[in-house]
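Structural features, examined
The primary structure of each chain is shown beneath.
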Amino acid sequence: MKVKVGINGYGTIGKRVAYAVSKQDDMELIGVTKTKPDFEAYLARESGIPVYAASEEFLPRFEKASFEVAGTLNDLLEEVDVIVDATPGGMGAKNKALYEKAGIKAVFQGGEKAEVAQVSFVAQANYEKALGKDYVRVVSCNTTGLTRTLSALQEYIDYVYAVMIRRAADPNDSKRGPINAIKPTVEVPSHHGPDVQTVIPINIETMAFVVPTTLMHVHSVMIELKKPITREDVIEVFENTTRVLLFEKEKGFESTAQLIEFARDLHREWNNLYEIAVWKESISVKGNRLFYIQAVHQESDVVPENVDSIRAMFEIADKWESIKKTNKSLGILK
Ligand SMILES: NC(=O)C1=CN([C@@H]2O[C@H](COP(=O)(O)OP(=O)(O)OC[C@H]3O[C@@H](n4cnc5c(N)ncnc54)[C@H](O)[C@@H]3O)[C@@H](O)[C@H]2O)C=CC1
Ligand SMILES: O=C(OP(=O)(O)O)[C@H](O)COP(=O)(O)O
């Protein structure tokens with residue numbers, strides 16, 4: 001039996017999750033919702049994905065364009081076992097009542113508060129906690145990136161201090177900025193540290209800045225160690241950590257630009273870099289302090305987590321079976 005999956009909100013995250021679901025042999029993509037018949041709606045339909053109106057109020061837009069939809073969100077909810085809510089942040093919590101009424105499971109994204117779900121999820125850190133659950137929140141791109149590397153080092157961590165350099169907007173977004181300023185998040189800690197704590201119990205404080213780029217986020221991570229570890233050991237830990245890759249400046253990876261070019265050179269769909277990129281040279285141990293720098297492809301790192309969360313909710317695979325299956329299907333390098 002394949003798990004029937006619907007996607008509510010076919011934007012940056014929703015379209016990538018739809019693609020990833022369509023690559024799984026134990027899942028079936030039933031349809032996606034759109035609020036309007038824009039090019040994404042036409043492309044979805046042309047590639048064989050049934051398009052549903054996100055609610056009845058949007059139907060006139062489709063009728064005006066003579067775009068025949070497969071139904072509305074409520075019709076889609078009747079067809080699926082689980083809905084992946086990838087609507088703009090905060091909207092998922094409002095949609096939850098619809099999913100409860102339909103009696104189906106739901107996956108929410110990191111723009112929602114942790115309370116929306118029973119579990120905040122990063123597959124390699126806490127897959128088991130999502131087993132059999134009805135509502136799971138895949139945490140945000142930055143939280144996923146921090147959790148992937150920090151959970152691998154958890155036993156060594158006394159305290160983490162991390163500075164998040166956040167991209168201003170996604171590449172398809174022509175409305176957001178800044179385009180010529182650095183914007184600090186003046187609330188300290190930024191929301192990222194507490195959000196990591198919804199997945200793993202570590203001491204962590206974070207600060208954040210938004211900068212004029214669309215490619216990736218970058219994290220500067222400083223860890224006070226509670227037991228010694230060498231630089232070589234940290235490299236070995238990351239080499240053995242799934243969805244984390246080491247990149248060397250020496251080999252031309254001077255910035256996020258070359259990381260994205262690498263994803264393009266791999267012919268990855270939408271130049272997705274599902275893996276967290278750690279600069280090997282940045283890994284340094286000074287006394288009881290460990291430092292490293294990593295980059296996060298915000299549009300795609302959470303995509304494999306959405307797939308794994310579905311397997312956990314339906315208890316159709318154990319942790320490593322699911323992670324390996326998802327990795328293979330998406331060409332994730334390790
Ligand atoms: N873009 C990113 O870097 C990341 C975003 N997230 C989270 O994923 C969620 C979605 O974010 P994005 O994909 O970036 O947003 P987006 O704006 O690219 O996509 C949201 C989609 O939902 C549609 N939508 C708007 N109102 C709707 C409604 N009433 N019903 C159904 N669909 C509706 C929009 O038209 C759009 O297609 C948010 O919670 C966000 O915080 C998580 C990780 C990274
Ligand atoms: O989840 C994200 O970032 P976050 O981890 O900083 O909340 C995504 O990059 C979306 O961020 P946005 O809220 O700036 O669009």
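This one's a predicted model, so the numbers in the text were calculated from it and none came from an experiment. (Residues numbered from 1 in each chain as written. Chains lettered and ligands numbered in written order. Predicted model: local features only at pLDDT ≥ 70, side-chain atom pairs only at ≥ 80, totals over all residues. Heavy atoms only, no water.)

Points about the overall build of the chain
Each helix and strand in the chain was counted, giving twelve helices and 15 strands. For the chain, the C-alpha radius of gyration of 20 Å lies close to 20 Å, the compact-globule estimate for 334 residues. In terms of overall dimensions, the chain has C-alpha extents of about 65 × 45 × 40 Å along its principal axes. Out of the 334 residues belonging to the chain, those deemed buried represent 54%. In the chain, the share of contacts with a sequence separation of at least 24, taken over all contacts with a separation of at least 6, comes to 71%. Approximately 14,900 Å² of the chain is accessible, and the part contributed by carbon and sulfur atoms is 51%. (Helix = DSSP H or I, 4+ residues; strand = E, 2+ residues; numbered from the N terminus. Rg over C-alpha atoms; globule rule 2.2 N^0.38 Å. Buried < 20%, exposed > 50% of the residue type's maximum accessible area, 1.4 Å probe, protein only. Contact = heavy atoms within 4.5 Å. Areas by Shrake-Rupley, 256 points an atom, 1.4 Å probe, with all protein chains shown as cover.)

Some points on the packing of helix H1 (residues 12-22) against helix H11 (residues 303-313)
For the pair H1 and H11, the least separation of the axes is 9 Å and the interaxial angle reads 55°. As the angle between them shows, H1 and H11 are arranged oblique. Every pair of crossing elements has a handedness; the one defined by H1 and H11 is right-handed. Two secondary-structure elements touch here, H1 through Arg16, Val17, Ala20 and Val21 and H11 through Val303, Asn306, Val307 and Ile310. Among the residues making up the contact of H1 with H11, the classes are represented as six nonpolar, one polar and one charged. (Axes fitted to C-alpha atoms, helices over the stretch in contact; angles between N-to-C directions. Parallel < 35°, antiparallel > 145°, perpendicular 65-115°, else oblique. Left-handed = near helix turned anticlockwise from the far one by under 90°. Nonpolar A, V, L, I, M, F, W, Y, C, P; charged D, E, K, R; others polar.)

Considering the site of ligand 1
Among the 20 residues in the neighbourhood of ligand 1, the closest are listed as Thr12, Ile13, Gly111, Asp170 and Gln298. Within the contact set of ligand 1, an oxygen atom lies 3.5 Å away from a backbone nitrogen or oxygen of Gly11. At a separation of 2.6 Å, a nitrogen atom of ligand 1 approaches a polar side-chain atom of Asp170. Relative to its unbound accessible area of 820 Å², ligand 1 is 79% covered by the protein chains. In the shell around ligand 1, the residues fall into seven nonpolar, eleven polar and two charged. (Near = heavy atom within 4 Å. Polar contact = N/O pair within 3.5 Å; in protein donor to acceptor, adjacent residues only side chain to side chain.)

Here's the deal with the packing of aromatic side chains
Throughout the structure, instances matching the rule amount to eleven aromatic pairs. Judged by centre distance (5.2 Å) and plane angle (15°), the rings of Tyr159 and Tyr161 are stacked. Feature note: the residues Tyr42, Phe62 and Phe67 constitute an aromatic cluster, connected by ring pairs. Seen from the ring of Tyr135, Lys96 lies directly overhead, with NZ or CZ sitting 4.5 Å from the centre. Here the basic side chain of Lys105 rests over the ring of Phe314, its NZ or CZ set 5.3 Å away from the ring centre. (Phe/Tyr/Trp six-rings, centres within 6.5 Å; stacked < 30°, edge-to-face > 60°. Lys NZ or Arg CZ within 6 Å of the ring centre and 35° of its normal.)

Section: the UniProt feature "binding site: NAD(+)" (unreviewed entry) in the chain
UniProt tags Thr12, Ile13, Gly111, Arg167 and Gln298 as "binding site: NAD(+)" (unreviewed entry). Of note, Ile13 is situated in helix H1. Each residue touching Ile13, except ones within four places of it in the same chain, is listed here: Ala86, Gln109, Gln298, Glu299 and Val302. Counting through the fold element by element, Gln298 comes out in the loop between strand E15 (289-296) and H11. The exposure class of Gln298 is buried, given its relative accessible area of 3%. Apart from the residues within four sequence positions on either side, Gln298 is in contact with Ile13, Cys141, Arg167, Ala169, Asp170, Pro171, Thr214, Leu215, Met216 and His217. A polar side-chain atom of Gln298 sits 2.9 Å from a polar atom in the side chain of Asp170. (UniProt positions renumbered as here; feature names shortened; annotations may be inferred.)

Focus on the nonpolar core
Formed by 73 residues in total, the largest nonpolar core has its most connected members in Val5, Leu150, Leu153, Val160, Ile223, Tyr292 and Ile310. Here this core spans two domains, and each of domain 1 (3-139 + 302-330) and domain 2 (141-296) adds at least three residues to it. Ignoring sequence-local partners within four residues, the contact set of Leu153 consists of Ile223, Ile229, Val234, Val237, Phe238, Leu290 and Tyr292. Counting residues in each nonpolar core, the second largest holds 14 residues, with Ile30, Tyr52, Tyr99 and Ala117 among its members. (Core = buried A, V, L, I, M, F, W, Y, C linked by side-chain atoms within 4.5 Å. Domains from an automatic or database assignment.)

Here's the deal with the domain arrangement of the chain
Taken domain by domain, the chain holds domain 1 (3-139 + 302-330) and domain 2 (141-296). Placing a centre on the C-alpha atoms of domain 1 and another on those of domain 2 gives a separation of 26 Å. With 24 residues of domain 1 in contact, the opposing surface of domain 2 contributes 20 residues. Together, Arg16, Gln124 and Val139 form the three largest contributors to the area buried by domain 1 at its contact with domain 2, with a combined 27%. Viewed at the interface, domain 2 and domain 1 are joined by four salt bridges. Linking Arg243 and Glu305 is a salt bridge whose minimum nitrogen-to-oxygen distance equals 3.5 Å. One can count twelve residue pairs in polar contact (both at pLDDT 80 or more) joining domain 1 with domain 2. Put simply, the parts of the chain that give the side of domain 1 that touches domain 2 at least two residues each are H1, strand E6 (119-121), helix H6 (123-126), H11 and helix H12 (319-330). (Buried area = accessible area lost by both parts, 1.4 Å probe. Salt bridge = Lys/Arg side-chain N within 4 Å of Asp/Glu carboxyl O.)

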